[in-house]
Amino acid sequence: ETVRREKLMQSSAHLRVTGLTPPFTRLEAIYSLEPRENFPLWLYGRINRRRDAFFLRADLTPAPPLNVEAGRKDDSAYARHLASQLKKACEIEDLPGRVQLAWSGKKDDQFLKQVSAFVQKYAASVVRLSLQRSAPHLTLKVELAPLESYHPGDLMRDMRAALTG
């Protein structure tokens, strides 16, 4: 297991980890915190819905059985992405709350159930989740504040369970 950390700015860092146990083979994480020391920048970020966030990219073994996208129904970037995906065969399901799940490929009910359970559990935090058959297989963006009520390892443990069953 190799870990490499880079400080990007005062309020963000990039972490790369390789040599992990399956389903993760390579993982990159970035955290980005709101600029609290500068009120105008903080206000600008708040107006533009920028909060403390955690970004995760990973290569998986094995690759997901189908392409899955999850995001907030009120997120315009997610809506634009889905609109471009609708040109391909794509199914969409509204989950309870403000999250939506879309997938393409041969439907795998068990895998979709596991991913859906993960997304619903972390619905307050998940901004966007993408699982692809090609690398990077996993892309995840979550807001950090709603995760404060969970144990620090819960997100990754639940993500592993969703991917492996």
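Conventions adopted
Residues numbered from 1 in each chain as written. Predicted model: local features only at pLDDT ≥ 70, side-chain atom pairs only at ≥ 80, totals over all residues. Heavy atoms only, no water. Helix = DSSP H or I, 4+ residues; strand = E, 2+ residues; numbered from the N terminus. Rg over C-alpha atoms; globule rule 2.2 N^0.38 Å. Buried < 20%, exposed > 50% of the residue type's maximum accessible area, 1.4 Å probe, protein only. Polar contact = N/O pair within 3.5 Å; in protein donor to acceptor, adjacent residues only side chain to side chain. Pairing = 2+ DSSP bridges. Core = buried A, V, L, I, M, F, W, Y, C linked by side-chain atoms within 4.5 Å. Contact = heavy atoms within 4.5 Å. Phe/Tyr/Trp six-rings, centres within 6.5 Å; stacked < 30°, edge-to-face > 60°.

Re the overall build of the protein chain
Piece 1. Within the protein chain, the secondary structure is distributed over four helices and nine strands.
Piece 2. Listing each helix as α and each strand as β along the protein chain from the N terminus yields β-β-β-α-β-β-α-β-β-α-β-β-α.
Piece 3. Relative to its length of 165 residues, the protein chain is compact, with a C-alpha radius of gyration of 16 Å against a globular reference of 15 Å.
Piece 4. Expressed as lengths along the three principal axes of its C-alpha atoms, the size of the protein chain is roughly 50 × 40 × 30 Å.
Piece 5. Expressed as a percentage of the 165 residues in the protein chain, the buried residues total 39%.

A short note on the side chain of Ser 116
Piece 1. Tracing the backbone through its elements, the reader meets Ser 116 in helix α3 (residues 109-121).
Piece 2. Residue classification places Ser 116 among the buried positions, given a relative accessible area of 9%.

Some words on the side chain of Asp 154
Piece 1. Along the chain, the position of Asp 154 falls in helix α4 (residues 154-164).
Piece 2. Asp 154 gets classed as buried once you look at its relative accessible area, which sits at 12%.
Piece 3. Of note is the side chain of Asp 154, whose polar atom sits 2.6 Å from the side chain of Arg 157.

What to know about the pairing of strand β2 (residues 12-18)
Piece 1. Two strands pair when backbone bridges link them, and β2 and strand β3 (residues 24-32) are joined in this way by seven bridges, in the antiparallel orientation. Bridge pairing in β3 links His 14 to Ile 30.
Piece 2. Connecting the antiparallel pair β2 and β3 is a turn made up of five residues, with Gly 19 showing a positive phi of about 70 degrees.

Some points on the nonpolar core
Piece 1. In terms of nonpolar packing, the biggest core is built from 33 residues, with Val 68, Leu 129, Leu 131 and Leu 138 touching the most fellow members.
Piece 2. When contributions to this core are tallied by element, the ones reaching two or more residues are β3, β4 (53-60), β5 (67-72), β7 (99-104), α3, β8 (126-131), β9 (138-143) and α4.
Piece 3. Ranked by residues supplied to this core, first place goes to α3 with five residues.
Piece 4. When sequence neighbours within four positions are dropped, the list of residues in contact with Leu 131 reads Leu 60, Pro 64, Leu 66, Asn 67, Val 68, Phe 111, Val 115, His 137, Leu 138 and Leu 163.

Side note on the packing of aromatic side chains
Piece 1. What the rule picks out here adds up to two aromatic pairs.
Piece 2. Seen from their ring centres, Phe 118 and Tyr 122 are 5.1 Å apart, and the 45 degrees between their planes marks the pair as tilted. Like Phe 118, the residue Tyr 122 is buried in the burial classification.
Piece 3. Pairing Tyr 122 with Tyr 150 gives two aromatic rings, centres 4.8 Å apart and planes at 45 degrees, and the pair type is tilted. Taken together, the residues Tyr 122 in the loop between α3 and β8 and Tyr 150 in the loop between β9 and α4 connect sequence positions 28 residues apart.
Piece 4. The exposure class assigned to Tyr 122 is buried, which follows from its relative accessible area of 2%.
Piece 5. Assessed through its relative accessible area of 27%, Tyr 150 is described here as partly exposed.
Piece 6. Taken together, the aromatic side chains of Phe 118, Tyr 122 and Tyr 150 make up a single cluster linked through ring pairs.

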